[in-house]
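Okay, here's what each chain looks like letter by letter:
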Amino acid sequence: MTATEHNTFDKRPSTKQTVAAGTSLAAAALLVVAGIVSIFQGISAIAKDDIYVSGPNYTYQWNTSGWGWVHLILGILVVAAAAGLFTGAAWGRVLAITLLSLSILANFLWLPYYPWWSILIIALDIVVIWAIATWDPKRI
């Protein structure tokens, strides 16, 4: 093995980095879809306040129009963060982690309206935050 081949071998990304990079790029694709769905969810909640069925009173209860605006704004920002993630930009990673943290909070508060969807999104957000925080785009 020559010195050049040896140096090339040493620069290979670790398995952890490869998994994090693949998950981060998949997360960016999922963020685009989730952002668009959140935008539509927000629009439908704003347009027709009685679309969603709410359960018993909840401590953090808003009307659905208020939640609609939250989901609409988060959806638009999530799509922007996904664009940054596709490029590997540092601002995209920071924005994505911040927005995903806010998404966890918003979906926790959205639990009485759609509990299974909220739990699914919270779990997905946690996985995506791990992937983005672990990924080092310079090593791929």
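On a predicted model such as this, the values are computed, not experimentally measured, just so you know. Throughout this description, residue numbers start from 1 for each chain and increase along the sequence as written. Two thresholds apply to this predicted model, a pLDDT of at least 70 for residue-level local features and 80 or more for giving and counting side-chain atom pairs, whereas whole-chain, interface and lining totals are computed over all residues. For side-chain calculations, the full set of non-hydrogen atoms in the structure is used, while hydrogens and water are omitted.

Moving on: the overall build of the chain. A count of helices and strands for the chain gives five helices and zero strands. Strands here are runs of E lasting at least two residues and helices are runs of H or I lasting at least four, both read from the DSSP assignment and numbered beginning at the N terminus. Tracing the chain from N to C terminus, the helices and strands come up as α-α-α-α-α. Residue exposure (1.4 Å probe, protein chains only): buried if accessible area is under 20% of the type maximum, exposed if over 50%, otherwise partly exposed. Counting only residues that meet the buried cut, the chain has 36% of its 140 residues in that class. Two residues qualify as a contact provided that any one of their heavy atoms is within 4.5 Å of a heavy atom in the partner residue. Of the contacts made within the chain by residues no fewer than 6 positions apart, 70% connect residues no fewer than 24 positions apart. Reported accessibility uses the Shrake-Rupley method at a 1.4 Å probe radius. Residues are deemed covered only where the shown protein chains occlude them. Approximately 8300 Å² of the chain is accessible, and the part contributed by carbon and sulfur atoms is 72%.

The residues that make up patches have over 30% relative accessible area and no salt bridge, and they are joined within 9 Å when like-charged or within 5 Å when they are Val, Leu, Ile, Met, Phe, Trp or Tyr. Salt bridge, as used here: a side-chain nitrogen of Lys or Arg that lies within 4 Å of a carboxyl oxygen of Asp or Glu. Nonpolar side chains collect at one region of the surface, where Val-33, Val-37, Tyr-114, Trp-117 and Leu-120 lie side by side and expose about 450 Å² of accessible area between them. Secondary structure elements with two or more residues in the nonpolar patch: helix 2 (15-47) and helix 5 (115-134). Note on placement: Val-33 falls in helix 2.

Okay, the confidence of the model for the chain next. When pLDDT is averaged along the chain, the result is 76; 77% of the residues meet or exceed 70. Ranking the elements of the chain by mean pLDDT puts helix 1 (residues 3-10) last, at 52, and helix 4 (residues 90-109) first, at 87. The predictor's confidence in any single residue is recorded as pLDDT, a number from 0 to 100.

With 20 residues, helix 5 extends 29 Å from end C-alpha to end C-alpha; this agrees with the ideal 28 Å at 1.5 Å per step. Where helix 5 is concerned, the buried positions are Ser-118, Ile-121, Ile-122, Asp-125, Val-128, Ile-129, Ala-131, Ile-132 and Thr-134. Where helix 5 is buried, its residues meet helix 2, helix 3 (64-87) and helix 4. An expected span of 1.5 Å times one less than the residue number is assigned to each helix.

So, on to the environment of Ile-39. Tracing the chain through its elements places Ile-39 in helix 2. Spatially, the C-alpha atoms of Ile-39 and Leu-77 are 9.8 Å apart, while their sequence positions differ by 38 residues. Leaving out residues up to four positions away in the same chain, Ile-39 has contacts with His-71, Leu-72, Gly-75, Ile-76 and Val-79.

Only protein atoms enter the 1 Å grid used here, on which a cavity is any set of points holding a 1.4 Å probe that cannot leave and a pocket is any open set flanked by protein within 12 Å on both sides along at least five of seven lines; residues with an atom within 4 Å of a point are listed as lining. Grid points are joined across faces, edges and corners, and a volume is the space filled by probe spheres set on the points. Across all of its chains, the model carries two cavities of 30 Å³ or more by this definition. Empty space within the largest cavity amounts to approximately 250 Å³. Ala-34, Ser-38, Ser-103, Asn-107 and Ile-121 are the residues nearest the centre of the largest cavity, which is lined by 21 residues in total. For the lining of the largest cavity, the secondary structure elements donating two or more residues are helix 2, helix 3, helix 4 and helix 5.

In this analysis an axis means a line fitted to C-alpha atoms, helices contributing only their contacting stretch, and an angle means the value between N-to-C directions, from 0 to 180 degrees. In contact at an axis separation of 9 Å, helix 3 and helix 4 are set at 155° when each is read in the N-to-C sense. Our classification of the angle between helix 3 and helix 4 gives roughly antiparallel. Judged by the twist between their axes, the crossing of helix 3 over helix 4 is left-handed. On helix 4, the residues that touch Trp-67, Val-70, His-71, Leu-74, Leu-77, Val-78, Ala-80, Ala-81, Gly-84 and Leu-85 of helix 3 are Trp-91, Gly-92, Arg-93, Leu-95, Ala-96, Leu-99, Leu-102, Ser-103, Ala-106, Asn-107 and Leu-109. Here the term charged refers only to Asp, Glu, Lys and Arg, the term nonpolar to Ala, Val, Leu, Ile, Met, Phe, Trp, Tyr, Cys and Pro, and the term polar to all other amino acids, Gly among them. Considered class by class, the residues forming the contact of helix 3 with helix 4 number 15 nonpolar, five polar and one charged. Angles are sorted into four bins: roughly parallel if under 35 degrees, roughly antiparallel if over 145, roughly perpendicular if 65 to 115, and oblique for all others. Take the far helix as the reference: if the near one is turned anticlockwise from it by less than a right angle, the crossing is left-handed, and if turned clockwise, right-handed.

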